[in-house]
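Working through the structure, step by step
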Amino acid sequence: MAIVAIIVGTFVFLLTGALIGEASHDAGAGVVPGLVLGILAAIPIFKSACEERAKFLHPQPREYKVPAKIAFAKIRDIIAEISYNYGDKWHVVTADTQTGRITANLRFIDEFTRFEGDARGQIHTRKERLQRFLAVEIQVQPTERGTTAVLVDFRPTVEGVNYAACDSIISSLTANIESALGGAVAVI
């Protein structure tokens, strides 16, 4: 979504600059108005992207038709059993049954191949390793209707520019919790 904002902002900048430059017969006259209008066009899209990202990392609480103790045990089992990237597992920091709070951390390294050119024009490959860290806090609370409200909050920390490096893990953990506890509705 942020890429769309950059594309729209660039398009508006170029279009405004060209139109004003053509109308005034001065090629440089449209640079500042184009820049201002490009930024103004991109800001709402950037804001929308930030809100979408916040909803992804901190989704609304979900309500499940399962007792709180069973929901807590199932979520704790999912976190204990799931693994990623050849054996990287969640490290459970807190699993307090009294408060219904689970906190866990996942630390792993992504390895990918980067292509680079040298001074002679030849292409070389280089393996690069970047650290990833993902923390999750889960609150499991019983409701007065006999159901359970589950609130999940993620905090990813990534090395490099790929801020969405942990998104697949977040999606899979959320889907595993959803499938283990059954259908849910958003709590408003």
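Every value quoted in this text rests on a predicted model; they were computed, and no experiment measured them.

Focus on the pattern of salt bridges
With the rule as written, the count across this model stands at twelve salt bridges. For Arg114, the salt bridge is made with Glu128, and the minimal N-O distance between the two is 3.1 Å. Here Glu128 lies in strand S6 (residues 123-142) and Arg114 lies in strand S5 (residues 101-117), a separation of 14 residues in the sequence. Using a relative accessible area of 35% as the deciding quantity, one classes Arg114 as partly exposed.

Side note on the packing of helix H3 (residues 68-81) against helix H4 (residues 167-181)
Packing of H3 against H4 leaves a shortest axis separation of 10 Å and a crossing angle of 140°. Taken together, the axis directions place H3 and H4 in an arrangement best described as oblique. Judged by the twist between their axes, the crossing of H3 over H4 is right-handed. Of the residues in H4, those in contact with Ala71, Lys74, Ile75, Ile78 and Ile79 of H3 are Leu173, Asn176, Ile177, Ala180 and Leu181. Of the residues assigned to the contact of H3 with H4, the class counts are eight nonpolar, one polar and one charged.

What to know about the nonpolar core
In terms of nonpolar packing, the biggest core is built from 29 residues, with Ile75, Trp90, Ile138 and Leu173 touching the most fellow members. In terms of residues, this core owes the most to one element, H3, which gives six residues. Dropping the residues within four chain positions of it, Trp90 is found in contact with Ile79, Ile82, Tyr84, Ala104, Asn105, Leu106, Leu134, Val136, Ile169 and Leu173.

Points about helix H1 (residues 2-24)
The first and last C-alpha atoms of H1 sit 33 Å apart over 23 residues, in line with the 33 Å expected at 1.5 Å per residue. For H1, the full list of buried residues reads Ala5, Gly9, Thr16, Gly17 and Gly21. In the core, the buried residues of H1 are packed alongside helix H2 (31-57). At the C-terminal side of H1, His25 shows a positive phi close to 60°.

Rules of the game
- Residues numbered from 1 in each chain as written.
- Predicted model: local features only at pLDDT ≥ 70, side-chain atom pairs only at ≥ 80, totals over all residues.
- Heavy atoms only, no water.
- Salt bridge = Lys/Arg side-chain N within 4 Å of Asp/Glu carboxyl O.
- Helix = DSSP H or I, 4+ residues; strand = E, 2+ residues; numbered from the N terminus.
- Buried < 20%, exposed > 50% of the residue type's maximum accessible area, 1.4 Å probe, protein only.
- Axes fitted to C-alpha atoms, helices over the stretch in contact; angles between N-to-C directions.
- Parallel < 35°, antiparallel > 145°, perpendicular 65-115°, else oblique.
- Left-handed = near helix turned anticlockwise from the far one by under 90°.
- Contact = heavy atoms within 4.5 Å.
- Nonpolar A, V, L, I, M, F, W, Y, C, P; charged D, E, K, R; others polar.
- Core = buried A, V, L, I, M, F, W, Y, C linked by side-chain atoms within 4.5 Å.
- Expected span 1.5 Å × (residues − 1).

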